[in-house]
Amino acid sequence: MLFQRFHLFNPMADYLYTDTAAACLFVACKMEDTNKKLRDILIADYNLKHPDGPEINPESGSLEEHRRRIIGLERRVLQTAGFDFRGRHPQNFLIKFARYYRVHKDVASKAWDICVEAYRTFAPLKHTPQTLALAALLLAGKLITGAEGACLEFDQIPFERFHTTHANVADCVHDFLELYIHHRQMTRIGQDITLERFMELQIELNRAGHVRQDVKVPVLDADGRTENGLDKSGRHEIIRYILDPERQRREKHAMEDVVMEG
C-alpha cells in the first residue's frame, strides 16, 4: 500500500521501482514493529537482482551509497503516507465479520486470500479496511459452492453500522473481479477458478444493481494545485498533516473568522 500511495503522487519514471520497494519495505517494518536493518534489506535486494552473481561485501562502498539513497527516499515515502504510522488491515475486520455472520470456514479462508491479493489493486487506497473485508466475504461466498451458510448477500449488511456504503462495497468487489479477470494468472485464487466464472459474477452484480461507483478525480484549484498539495507539474508544495480532526476544525473556523474580519 505504501508503494501504491507513493506512486500515486510521484511518477514511476522518476524513481527505480526496486529502490522504492526497498524504502517502502523498510518503512513497513517500522510500522508493524518488525525490526529489520536496512542493510539486510539491501543485501536481499542485491541477491534477488544477481542470483548467480558474486556475494556482496556488507562493508562495500556501493552498498553504503545505496543505503543513503534509500534513506533519502524513505523521507518521501513518509511524506506521501502523511506520517501516519497506524496500520489498518482488513484481516482484523474479516475475522470479526466471519464470526458475526457465521460463515463457513472455507469461505473465510478464501476471503482471507482475497484480502491479501487486494493489495494488487487500488482498492486499499480508495476504501476502508472494513469495506475490503465485507467485499472479500461477499466475493468468497459467491466463489465457494456447496458450503452451508456460505453466501453473504448485500441485503444482510447494515452498511451504516459498519461505517461504509453499498456503493463502496460494490465498487470494491468490482475491483477484485477486474483483477481476477485481467490478471488471473498472477493471482493465487485466479488459478483455481475459471475466467468464465469471474465474468459471470460480474454480469450478475451489474444486473442486480451492484454497479461500480464513480471514482473521485482530484480537481485543480485556481492556483493549479490539488487537494494533496501537488501543482500541475507534479511537484510537492509544503504539506502540513493534522491527524486530529477536531483541531483541524477549530483552526479552520479560526481562519474563517480572520478572513471575515479582514
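Rules used throughout
Residues numbered from 1 in each chain as written. Predicted model: local features only at pLDDT ≥ 70, side-chain atom pairs only at ≥ 80, totals over all residues. Heavy atoms only, no water. Phe/Tyr/Trp six-rings, centres within 6.5 Å; stacked < 30°, edge-to-face > 60°. Buried < 20%, exposed > 50% of the residue type's maximum accessible area, 1.4 Å probe, protein only. Helix = DSSP H or I, 4+ residues; strand = E, 2+ residues; numbered from the N terminus. Polar contact = N/O pair within 3.5 Å; in protein donor to acceptor, adjacent residues only side chain to side chain. Contact = heavy atoms within 4.5 Å. Expected span 1.5 Å × (residues − 1). Arc of directions from axis to C-beta. Axes fitted to C-alpha atoms, helices over the stretch in contact; angles between N-to-C directions. Parallel < 35°, antiparallel > 145°, perpendicular 65-115°, else oblique. Left-handed = near helix turned anticlockwise from the far one by under 90°. Nonpolar A, V, L, I, M, F, W, Y, C, P; charged D, E, K, R; others polar. Salt bridge = Lys/Arg side-chain N within 4 Å of Asp/Glu carboxyl O. pLDDT = per-residue confidence, 0-100.

Structural notes on the packing of aromatic side chains
Here's step 1: This structure, assessed with the given rule, holds six aromatic pairs.
Here's step 2: The interplanar angle of 70 degrees and the centroid separation of 5.1 Å between the aromatic rings of Phe6 and Tyr15 together place this pair among those described as edge-to-face.
Here's step 3: In this structure Phe6 comes out as buried when scored by relative accessible area, which is 0%.
Here's step 4: Judged by its relative accessible area of 22%, Tyr15 is partly exposed.
Here's step 5: Ring pairs connect the aromatic residues Phe93, Phe97, Tyr100, Tyr101 and Phe162, which therefore count as one cluster.

Thoughts on the environment of Thr80
Here's step 1: Position of Thr80 among the secondary structure elements: in helix α4 (residues 61-80).
Here's step 2: A C-alpha to C-alpha distance of 9.0 Å links Thr80 and Asn10, two positions 70 residues apart in sequence.
Here's step 3: Polar side-chain contacts of Thr80 include one of 2.9 Å to the backbone oxygen of Val77.

Comments concerning the environment of Val116
Here's step 1: Mapped onto the elements, Val116 comes out in helix α6 (residues 105-117).
Here's step 2: Under the relative-accessibility criterion, Val116 is labelled partly exposed at 45%.
Here's step 3: In this structure, the C-alpha to C-alpha distance between Val116 and His89, residues 27 residues apart in sequence, is 9.5 Å.

Looking at the side chain of Thr187
Here's step 1: Inspection of the secondary structure assignment puts Thr187 in the loop between α9 (166-182) and α10 (195-207).
Here's step 2: A polar contact of 2.8 Å, which involves the side chain of Thr187, links it to the backbone oxygen of Arg184.
Here's step 3: Contact partners of Thr187, with chain neighbours within four places excluded, come to Glu117, Arg120, Leu179 and Tyr180.

Some details on helix α3 (residues 38-49)
Here's step 1: Between its first and last C-alpha atoms α3 spans 17 Å; for 12 residues at 1.5 Å apiece the expected length is 16 Å, and the two agree.
Here's step 2: Regarding α3, the residues found buried are Leu38, Ile41, Leu42, Asp45 and Tyr46. Buried residues in α3, looked at end-on, bunch into an arc of 140 degrees, giving them a common side.
Here's step 3: On its buried face, α3 is in contact with α2 (17-31) and α4.

Quick look at the packing of helix α8 (residues 129-143) against α9
Here's step 1: Put simply, α8 and α9 touch, their axes get as near as 9 Å, and they point 60 degrees apart. In terms of their interaxial angle, α8 and α9 are classed as oblique. In terms of crossing hand, the pair formed by α8 and α9 is right-handed. Of α9, the residues touching α8 (which contributes Thr131, Leu132, Leu134, Ala135, Ala136, Leu138 and Leu139) are Asn168, Val169, Cys172, Val173, Phe176, Leu177 and Tyr180.
Here's step 2: Across the contact of α8 with α9, the residue classes break down as 12 nonpolar, two polar and no charged.

A few points about the pattern of salt bridges
A side chain with one charge can pair with a side chain of the opposite charge if their charged atoms come near.
Here's step 1: Using the criterion set out here, one finds seven salt bridges in the structure.
Here's step 2: Across the pair Lys126 and Asp171 runs a salt bridge, and its minimum N-O distance is 3.2 Å. Here Lys126 is found in helix α7 (residues 123-126), whereas its partner Asp171 is found in helix α9, with 45 residues between them in sequence.
Here's step 3: Taking relative accessible area as the criterion, Asp171 reaches 1% and is therefore assigned buried.
Here's step 4: Through salt bridges with shared partners, a single ionic network connects Lys126, Asp171 and Asp175.

Some remarks on the confidence of the model for the protein chain
Here's step 1: Here the protein chain averages 78 in pLDDT, while 81% of its residues score no lower than 70.
Here's step 2: Residue range residues 217-239 is modelled with pLDDT below 50. Its contacts to residues more than four positions away, or to other chains, number 31 contacts.

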